[in-house]
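# What the coordinates show
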Amino acid sequence: MIRHPFDSKARILTIFIFAFFLGFTGMAQQFTLKGRVLDADTKNFIDGASVTIRGNADGELTSSGGFFELPDLLADRYVLSIRFNGYNLYEQVVKLESDLDLGDIFLVKFGAEGTGAAIQKTIRANNITSLFNERPNMIGGNMVYGIPPEPKKLVGTSYIDDKWNSASILLYRDQQLLEGFRARYNVISNMFELMEPENNLVSIMPGLRIQNIVWVDSAYKVPRYFVNGMDFKEEGAPISGFFEVLVDGELPLMRRTKVILKESNYNTALMVGERNDQLLKRNYYYYLKGKEVIEIEKNRKKFYAIFGDKAEEMESFANDNGLNHREPNHIFQLFTRYNSLFPGFSPIITQLIEDK
């Protein structure tokens, strides 16, 4: 069959056009989005979290220290979604123009229980994406000049002391004594985290198994003595959580630390207020009478009545030394003074340690 000369030219032109568009498509750069997923409370990495781009079937699970990497993404605006069982959904708007490392991303658990009084509300970590979804008719969602505000975070700590402290632990069962561990106590969960001395592995022990614990404060190098509230009663009811014994003797002084949730009051329209949810520690002071723990009185007259027939002597001592019965450090000094009036008194600590 004889071909018309135009057929060859047409074929060459077609190949040229196809090659041009293929080359143009190949010129589109592809980028990588990566980061690391951690628990907002413990700061431990989370493996197995699902990391996806909304509207895109591709994704991966975090592994090897909570890391993830999403390759071969074109320059665009994406919504990154991270899901893990037991945690709030995390979403973040990402504008990808080059390889991007988001660094540490913190997931927040659905909720937490406090000691004594439970934290009733779920701790939520909202961000710009949720607001964007709730107000689809507003271009850009809650943006100012095209810049999305930072998502709110959960700040603060639920530990009495974030540091690991060398500890001696007495268990209820068979009065077993554990030595050589380093420990820290999570007030919200009423759990102790114990680090083994040789391999640094961390295990969790429920507070209800521990009768008392003494740890050496790593900053102040002094022992601190904690006793389980289950051995005492408050207004006739059993107590969950631990008390720190500050002064022992005829009339022991104890301190209980509670953690409360203060929710964000940020006004997005006016851009004023506190942006983040906060975990705040509050200390409460008690004296022990038999098995009953009684909160320290704020009223001056009722406070000094605690000391019975030595009430006037203690009030004179306070006046002579400029002590205020509402100040924690002054309360500590007053109870130290009172108990020193009885034979056999030996101070546990010589100064009050205030945890940050």
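Just above sits the structure.
These remarks concern the structure in this document. (Residues numbered from 1 in each chain as written. Predicted model: local features only at pLDDT ≥ 70, side-chain atom pairs only at ≥ 80, totals over all residues. Heavy atoms only, no water.)

Any two side chains of opposite charge can pair, so long as their charged atoms come close to each other. For the structure on display, the rule yields 8 salt bridges. The salt bridge partner of Glu97 is Lys95, with a shortest N-O separation of 3.7 Å. By the burial criterion, Glu97 is exposed, and Lys95 matches it. Glu234 serves as the salt-bridge partner of Arg256, at 3.4 Å between the closest nitrogen and oxygen. Taken together, the residues span a long stretch of sequence, with Arg256 in strand β18 (residues 253-262) and Glu234 in strand β15 (residues 233-234) at a distance of 22 residues. Glu234 sits in the partly exposed class, given a relative accessible area of 24%. (Salt bridge = Lys/Arg side-chain N within 4 Å of Asp/Glu carboxyl O. Buried < 20%, exposed > 50% of the residue type's maximum accessible area, 1.4 Å probe, protein only. Helix = DSSP H or I, 4+ residues; strand = E, 2+ residues; numbered from the N terminus.)

If you trace the 3 strands from one edge of the open sheet to the other, you get β4-β1-β7, paired in mixed fashion. Looking at which strands have only one partner, the edges of the open sheet turn out to be β4 (67-74) and β7 (100-107). Averaged over all pairs of adjacent strands, the angle between their axes in this sheet comes to 25 degrees, without regard to strand direction. Pairing geometry for strand β1 (residues 30-39) and β7, over 6 bridges, is parallel. (Pairing = 2+ DSSP bridges. Axes fitted to C-alpha atoms, helices over the stretch in contact; angles between N-to-C directions.)

Let's shift gears to the pairing of β1. Where burial is concerned, most of β1 is hidden: 7 out of the 10 residues are buried. The pairing of β1 with β4 spans 6 bridges and is classified as antiparallel. Within the sheet, the bridge partner assigned to Gln30 lies in β4 and is Leu74.

Let us look at the side chain of His325. Within the fold, His325 resides in the loop between α4 (311-320) and α5 (328-340). At 2.6 Å, the side chain of His325 and the backbone oxygen of Lys298 are in polar contact. Separated by 3.5 Å, the side chain of His325 and the backbone nitrogen of Arg300 make a polar contact. Residues contacting His325, with those up to four places away along its chain left out, are Glu297, Lys298, Asn299, Arg300, Phe303, Tyr304 and Ile331. (Polar contact = N/O pair within 3.5 Å; in protein donor to acceptor, adjacent residues only side chain to side chain. Contact = heavy atoms within 4.5 Å.)

With 24 residues, the main nonpolar core has Ile169, Tyr185, Phe192, Leu194, Ile210, Ile213 and Trp215 as its most contacted residues. Where this core is concerned, the elements lending two or more residues are β9 (165-171), β10 (177-186), β11 (191-195), β13 (210-216) and β18. Looking at which element gives the most residues to this core, the answer is β10, with 4 residues. Once residues within four sequence positions are removed from consideration, Leu194 is found in contact with Trp164, Ile169, Phe181, Arg182, Ala183, Leu201, Val202, Ser203 and Met205. Core analysis: the second largest hydrophobic core is formed by 21 residues, Leu246, Tyr285, Leu323 and Tyr338 among them. (Core = buried A, V, L, I, M, F, W, Y, C linked by side-chain atoms within 4.5 Å.)

Let us now look at the packing of aromatic side chains. Enumeration over the complete set of coordinates arrives at 12 aromatic pairs. Judged by centre distance (5.6 Å) and plane angle (80 degrees), the ring pair of Phe303 and Phe307 falls under edge-to-face. You can call Phe303 buried: its relative accessible area is 0%. A relative accessible area of 1% means that Phe307 is categorised as buried. Chaining the aromatic ring pairs together yields one cluster made of Phe303, Tyr304, Phe307, Phe335, Tyr338 and Phe342. Of note, Arg184 hangs over the ring of Tyr159, and the distance from its end group to the ring centre comes to 4.2 Å. The positively charged end of Lys258 is found above the aromatic ring belonging to Tyr284, 4.9 Å away from the centroid. (Phe/Tyr/Trp six-rings, centres within 6.5 Å; stacked < 30°, edge-to-face > 60°. Lys NZ or Arg CZ within 6 Å of the ring centre and 35° of its normal.)

Take the pairing of strand β6 (residues 90-96) next. When you tally the buried positions in β6, you get 5 out of 7 residues, the bulk of the element. As consecutive antiparallel partners, strand β5 (residues 76-83) and β6 are separated by 6 residues, and within that stretch Gly86 has a phi angle of approximately 95 degrees, a positive value.

On to the sheet that holds strand β2 (residues 50-53), then. Strand order in this open sheet of 4 strands is β3-β2-β5-β6, and the pairing throughout is antiparallel. This sheet does not close on itself; its edge strands, each paired only once, are β3 (59-61) and β6. Ignoring which end each strand starts from, the neighbouring axes of this sheet average 20 degrees apart. Pairing analysis gives 3 bridges linking β2 to β3, with the strands arranged antiparallel. The residue bridging Val51 from the neighbouring strand is Glu60, located in β3.

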